[in-house]
Amino acid sequence: MPAQSTRDQIVEAADALFYESGLEATSFADIAAAVGISRGNFYHHFKAKDDILEAVIARRMERTRAMLDGWQAEGEGPRERILSFVHVLIANRTQIMDFGCPVGTLCSELAKLDHAAQGRATEIFGLFRDWLAEQMRALGAADRAEMLALHLLAWSQGVAVMATAFKDEAFIRNEVAGIEHWLASLPDFSQST
């Protein structure tokens, strides 16, 4: 595997710092220090913070697409694929309790700033919404697919916000169990005709 380029290292470090500290609280100097490069070398790759933000959003979009593609390939059926999404709350519980959902926190911060990139960041949620709706359609919920997808996305975001506020792993596990029960209770809409 080839060595990671300096630009890629900057984007990776910025992504982590934006998630852990927030966009506004992260400076060029913070990112340069995390990568171990001079500010001059940093400016060679990125002239403005908005340029870094766009690269971070593009990275998150790419990683989200790859994750969704993996779940699509590995899941036996739509319920199992949806459970892959739900179980991210458990797999990432420590980071979620410390920093929240990386997509939700970025979208919230950009909305508060009325930042031009807020719509672009929201496209990451759009990837999840569209993928979840596709799974709901595979269950036969054609006319309700997007509503069910948004319900599940909102539920998971609520869990992430409360987990960050209360730092309660048992809460996360209980809510995931509730989502699993809800999902299992959904009818096979394709059998309802």
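Rules and cut-offs
Each chain has its residues counted from 1, following the order in which its sequence is written. Only residues with pLDDT of at least 70 are given local features in this predicted model, and only at 80 or more are side-chain atom pairs given and counted; all residues enter the totals for whole chains, interfaces and linings. Side-chain calculation: all heavy atoms of the structure are included, whereas hydrogens and water are not. Grid points spaced at 1 Å and placed over the protein atoms alone form the basis of the search, with a cavity being a set where a 1.4 Å probe fits but cannot get out and a pocket an open set showing protein on both sides within 12 Å along at least five of seven lines. Lining residues have an atom within 4 Å of a point. Grid points are joined across faces, edges and corners, and a volume is the space filled by probe spheres set on the points. A helix here means a DSSP run of H or I that spans at least four residues, while a strand means a run of E at least two residues long, and both kinds are numbered starting from the N terminus. Note on residue classes: Ala, Val, Leu, Ile, Met, Phe, Trp, Tyr, Cys and Pro are nonpolar, Asp, Glu, Lys and Arg are charged, and everything else, Gly too, is polar. Salt bridges are counted wherever a side-chain nitrogen of Lys or Arg sits within 4 Å of a carboxyl oxygen of Asp or Glu. Throughout, exposure labels follow a simple rule: accessible area from a 1.4 Å probe, protein chains only, divided by the maximum for the residue type, with under 20% read as buried, over 50% as exposed, and the rest as partly exposed.

Enquirer: In this structure, what is going on with the layout of surface pockets? I would like to understand it.
Expert: Any empty space left between the atoms is revealed when a probe the size of a water molecule rolls over them. Empty space within the largest pocket amounts to approximately 740 Å³. Surrounding the largest pocket, 26 residues form its lining, Met67, Val88, Asn92, Pro102 and Val103 being those nearest its centre. Within the residue set of the lining of the largest pocket, elements represented by two or more residues are helix H1 (6-21), helix H4 (49-74), helix H5 (78-86), helix H6 (88-91), helix H7 (93-99), helix H8 (102-112), helix H9 (118-138) and helix H10 (145-166). It is H4 that contributes the most residues to the lining of the largest pocket, five residues altogether. Here the residues of the lining of the largest pocket sort into 15 nonpolar, six polar and five charged. Of the volumes computed, that of the second largest pocket is approximately 210 Å³. Taken together, Gln4, Arg7, Asp8, Val11, Glu12, Ala55, Ala58, Arg59, Glu62 and Arg63 form the lining of the second largest pocket. By residue number, the principal contributor to the lining of the second largest pocket is H4, which donates five residues. Its residues assigned to classes, the lining of the second largest pocket comprises three nonpolar, one polar and six charged.

Enquirer: Mind showing me how you'd approach the pattern of salt bridges here?
Expert: In the structure shown here, the tally under the stated rule is seven salt bridges. Two residues, Asp15 and Arg60, come together in a salt bridge whose shortest N-O distance is 2.6 Å. Note that Asp15 is positioned in helix H1 and Arg60 in helix H4, a separation of 45 residues in sequence. In terms of burial, Asp15 and Arg60 fall into one category: buried. Of the charged contacts, one joins Glu169 and Arg93 as a salt bridge, the two residues approaching to 2.9 Å between their closest N and O atoms. With a gap of 76 residues between them, Glu169 in helix H11 (residues 169-185) and Arg93 in helix H7 connect regions that are remote in the sequence.

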